[in-house]
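A structural walkthrough
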Amino acid sequence: METDDLELDTLGDRKTALFVIISDTDDTFNFIVAMMYTQLFNLLCDKADDVYGGRLPVHVRCLLDEVANIGQIPKLEKLIATIRSREISACLILQAQSQLKAIYKDNADTITGNCDTRHQKPKRSSNQRDNHKVFQIVVVGGRGSFEPYRVSSRCGGMCC
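An account of the accompanying structure is given in this report. This is a predicted model, so every value here is computed, not measured. (Residues numbered from 1 in each chain as written. Predicted model: local features only at pLDDT ≥ 70, side-chain atom pairs only at ≥ 80, totals over all residues. Heavy atoms only, no water.)

**Some words on the environment of Thr38**
Tracing the backbone shows Thr38 in helix H1 (residues 30–50). Classification of Thr38 as buried rests on a relative accessible area of 13%. Placed 35 residues apart in sequence, Thr38 and Ile73 show a C-alpha to C-alpha distance of 6.3 Å. Ignoring any residue separated from it by four or fewer positions in sequence, one finds Thr38 in contact with Ile73, Pro74 and Leu79. (Helix = DSSP H or I, 4+ residues; strand = E, 2+ residues; numbered from the N terminus. Buried < 20%, exposed > 50% of the residue type's maximum accessible area, 1.4 Å probe, protein only. Contact = heavy atoms within 4.5 Å.)

**Thoughts on unusual backbone geometry**
In this model, Lys75 sits at a positive phi of 60°, which is unusual for a non-glycine residue. Of note, Lys75 is situated in the loop between strand E1 (60–64) and helix H2 (76–82). Of note in the backbone geometry, Lys105 takes a positive phi value of approximately 50° without being a glycine. Assignment of secondary structure puts Lys105 in the loop between helix H3 (97–104) and helix H4 (107–113).

**Points about the pairing of strand E2 (residues 88–94)**
Buried residues dominate E2, accounting for seven of its seven residues. Of the two faces of E2, the one carrying Ile88, Ala90, Leu92 and Leu94 and the one carrying Ser89, Cys91 and Ile93 are both buried. Inspection of the sheet shows E1 paired to E2 by five bridges, in the parallel sense. Considered in E2, the bridge of Arg61 is made with Ser89. Traced from E1 through H2 to E2, the parallel crossover comes out right-handed. (Pairing = 2+ DSSP bridges. Right-handed = clockwise from strand over helix to strand, strands pointing away.)

**Brief notes about the pattern of salt bridges**
For the structure shown, the criterion picks out four salt bridges. Salt-bridge contacts for Arg55 lead to Glu87; the nearest nitrogen and oxygen are separated by 2.3 Å. Separated by 32 residues along the polypeptide, Arg55 in the loop between H1 and E1 and Glu87 in the loop between H2 and E2 bring together distant segments of the chain. Assessed through its relative accessible area of 46%, Arg55 is described here as partly exposed. Taking the shortest distance from any N to any O, the salt bridge between Lys101 and Asp109 comes out at 3.1 Å. Classification of Lys101 by relative accessible area gives partly exposed; the value is 39%. (Salt bridge = Lys/Arg side-chain N within 4 Å of Asp/Glu carboxyl O.)

Given below as structure tokens:
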């Protein structure tokens, strides 16, 4: 880790794909990935403000699959609230919303509240009605109806 091979400062200048792959059985170095995301969001926000007048020329979309396995991303609740205006978005993909609450405690609601889109794959289990109720309240604001079996989804997540 003596040199910068990631070149995070070039994201947002041109179309780029960066894949961050971590072990799903050994979490020893997950904190490095959490720090990298914090650094990435801060770096891109500063770049958008200082170089591009507030918005990156190329939208940066971060798909954080299995975000709960990364561990806690420092100050995510603040970052998630400020990145969208700078052409940065994050899609936090979780197995269950309880994972977010376990990691971010009281800040989980702030993170969820700052995501403009939420998807939840309906589960065919004893808590199915609860999942339907949460989805209806979050997405529809408690108004209207939602039929969970008509949704086609491969994952559950929140896009901010």
